[in-house]
Amino acid sequence: MEHNPIQMTSQQHQQHQATPSTSNSTTRDVDAIPARTLTSEESHAFFQLANEKRGSSNHVPSSNNRNGNSVVVEEPEQIDEPEGQYAAPAMEKANTPRPSLFNLAHSRHSTHDKLKEGDNHVHGFSHPLSFRHLFKPPVVRQWLAGGVLARETAERESARFELFFDLAFVGIIHQLAEGASESESSWAIFKFIAFFYVAYSVWTDTRSFINTSGTDDVPQRIYVLLVMVLLMGYSSNASAIKIECPTSESSDHPAVRLLKRAVKEASPSSSETHEALSDAVMLPGGCELLAGWRKSVRAAVAFYLSAKLLRISQCLLYGWYLPRFRPAHIVRAWSILIGCCFYIPLLTDLPPRFYLILPIVAIALEVSAAYTVALSIKAVARARATWLPKLVAWIPMKRAAPEHGKGMASFTPALNLEHIIERNALFVVLVLGEMVLNVTFEALGTQSGIHTEYLRCVLGLVIAYCLNWEYSDHDSSRTYLHAIRRHWFTSITWSILHFPLTASLILASAALPKLISSSEPNQRIRWYFGGGLSCAMLTLATLGFLHKGLDRRGSAIVPHYLRLLVRLTVSAGFAVLPLARGLSSTALLGIYSGVLVTVVATETFGKIGAVGDEEKVKQALSSRRHDEEEEKHEDGMHPEYLIHLDEAALKEEHEHGLTPEEAGEGDVGVEGDLGQIRVTRLGRAQRLAYAF
């Protein structure tokens, strides 16, 4: 019996339906879909039919879906007979099982017959623990290929070691914030922002690695520990850089103060006195960069470059071991190396102004690089679909046959968006937890019971709790499309805005203890706390505008845009509140907490009656599908994926557009799983463990 190389018979389709497969509400396991191995004649007929269809409709039928309808897959402009790694003889053995999609992407060979199923990813209590479980080879958990996302079927959760790393990182950067609150000047804020972003960049690299390639094995845990050790050394040296500014009690000229400090800190020897004088730097505004700052900067930069070098080595290792992901890892390594080049000169003796200019340039380039890379990828994809193939075909050159490890399809590692959202949310919670730790005090003597200092602690706790409520409310809508899934621009902006959000919260957290301990704090502490809360509310409002609200117009008591405008108004009010002199710290904290409680109440009760608009949801999903189809037309689909992918599974992925969080399951009091009961019989030894 001759088999149609493209369409399955009804009997084969029934066999496909009878084959068990795992699925959930959002995706299906592509590897669980059975597929028939193609012979050399079928492979030849496949590409011959593809070229015939190219002239008429540029579409090639792939396989039948569940309803028996032919599913159409858009093809590139020209499909030739496969050669080299796509040659048909590699698929001729009828008894040879088709390699899984995961093994196909992680193969180090260009031909299918060299693919072997490994046991390093087999888990379960019936499989013995082996050395390959503890030391797994480099992997990429999900990836992009020709407009198709190969993603994990199971939903990922943050591992305990990830949370421990985040907790340690918050403690490390809080040391930088305490140094900023001690000097109480604009230069101290600049120092905190610059040094915090450098540490935040290392944290982002580690988070991205765990997201795309984390396996929670021994090498990963050692890598995380090394990063924590390097960050601890970095923060210890960065916090040792001291800035001193004149106070209201000090009336000495800045040069006189510099001479007094040099004489005080130096030994009687004239050489050491000269060294102390030459090392200290006077900053604009009368502030002084104390002696010893060069050594601290060099040590901090050395720890930072060591962490980046560790990440570059990791990218090169993964690129060498995984040929299909080699270009992506090499580009990533080069981008990190270019950023490091701006910090390497800081290890030498440069004029003081370069220690200010180079970090600013490096931070600006790193932030803008995310947008530049995204635009470059789209431009390259469009060029590959239009004029680039014609240019390559026009250039006279000898095209050799593919060799081992060469001519393979290049894949791009993809982030798990749900995991990224969860990691950022947990990190914000840990930052707010630092604020909670700073509102504690020890009641001694007359301070026992309900005291004004205890009242200030309660107000600080209310502020932290309301900020967490505001962040959890996303864009203040019942139904929405998350910014990270809405568009590439909103996705990048959403990720970048978490830096000013966490930095402002840490700065306000560092100033909070002085507001609690003193009823009349100085004006700079007021500006620290008020400016931090103002920047946090501004960032929360911007994050809300990045999401796409999908509620029905006029269904809520307070419109969606008006609720977000309240956040902007409150941000402006928090920024100017420190100008009101004569307010005690108790009154100041009372105003901040009262306004935040009002904002939370307005957004929570203002959403009563809000309901998702089905038309808006369909339009949002259809526009996203249009973008995906356009990108697939630009990129084309690789012949391997035409064989291995089931288009019915891709259609199912489109049907389930919104995640439970976007559909309103994470809103206040909304819990779709409430009332879903499952009965399980327990033994006597287990009953007491469940008893309340």
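Residues numbered from 1 in each chain as written. Predicted model: local features only at pLDDT ≥ 70, side-chain atom pairs only at ≥ 80, totals over all residues. Heavy atoms only, no water.

1. A few points about the sheet that holds strand β7 (residues 288-289)
Within the open sheet, the three strands sit side by side as β5-β7-β6. Their pairing is antiparallel. Here the strands that pair on one side only, and so sit at the sheet edges, are β5 (243-244) and β6 (281-282). (Pairing = 2+ DSSP bridges. Helix = DSSP H or I, 4+ residues; strand = E, 2+ residues; numbered from the N terminus.)

2. Considerations on the packing of helix α6 (residues 186-213) against helix α14 (residues 417-437)
Two elements in contact, α6 and α14, have axes whose closest approach is 11 Å; the angle formed by their N-to-C orientations is 140 degrees. Where α6 crosses over α14, the two elements pack in a sense that is right-handed. Taking contact as the criterion, the partners of Tyr-200, Trp-203, Arg-207 and Asn-211 in α6 are, on α14, His-419, Ile-420, Arg-423, Asn-424 and Phe-427. Its residues placed into classes, the contact of α6 with α14 shows four nonpolar, three polar and two charged. (Axes fitted to C-alpha atoms, helices over the stretch in contact; angles between N-to-C directions. Left-handed = near helix turned anticlockwise from the far one by under 90°. Contact = heavy atoms within 4.5 Å. Nonpolar A, V, L, I, M, F, W, Y, C, P; charged D, E, K, R; others polar.)

3. Describing the confidence of the model for the chain
Model confidence for the chain is summarised by a mean pLDDT of 74, while 67% of its residues fall at 70 or above. For the chain, strand β2 (residues 70-74) is the element with the lowest average pLDDT, namely 38, and helix α10 (residues 293-321) is the one with the highest, namely 94. Below pLDDT 50 for its whole length, residues 111-119 participates in 22 contacts with residues either more than four positions away or in separate chains. (pLDDT = per-residue confidence, 0-100.)

4. Comments concerning the packing of α6 against α10
Contact geometry for α6 and α10: axes closest at 11 Å, N-to-C directions at 20 degrees. Classified by the angle their axes make, α6 and α10 are roughly parallel. As for how α6 packs across α10, the hand of that crossing is left-handed. Contacts between α6 and α10 pair Phe-195, Val-198, Ser-201, Val-202, Asp-205, Phe-209 and Ser-213 from the former with Ala-300, Tyr-304, Ala-307, Lys-308, Arg-311, Gln-314 and Tyr-318 from the latter. For the contact of α6 with α10, a count of residues per class yields eight nonpolar, three polar and three charged. (Parallel < 35°, antiparallel > 145°, perpendicular 65-115°, else oblique.)

5. Remarks on the pattern of salt bridges
Applying the stated criterion across every chain yields a total of 12 salt bridges. We note a salt bridge from Arg-423 to Asp-166, for which the minimum N-O separation is 2.8 Å. Here Asp-166 lies in helix α5 (residues 160-183) and Arg-423 lies in helix α14, a separation of 257 residues in the sequence. Residue classification places Arg-423 among the buried residues on the basis of a relative accessible area of 0%. The partner of Lys-308 in a salt bridge is Asp-205, and the shortest N-O contact between them spans 2.4 Å. In this pair, Lys-308 is assigned in helix α10 and Asp-205 in helix α6, connecting sequence segments 103 residues apart. Exposure remark for Lys-308: the relative accessible area of 4% places this residue in the buried category. (Salt bridge = Lys/Arg side-chain N within 4 Å of Asp/Glu carboxyl O. Buried < 20%, exposed > 50% of the residue type's maximum accessible area, 1.4 Å probe, protein only.)

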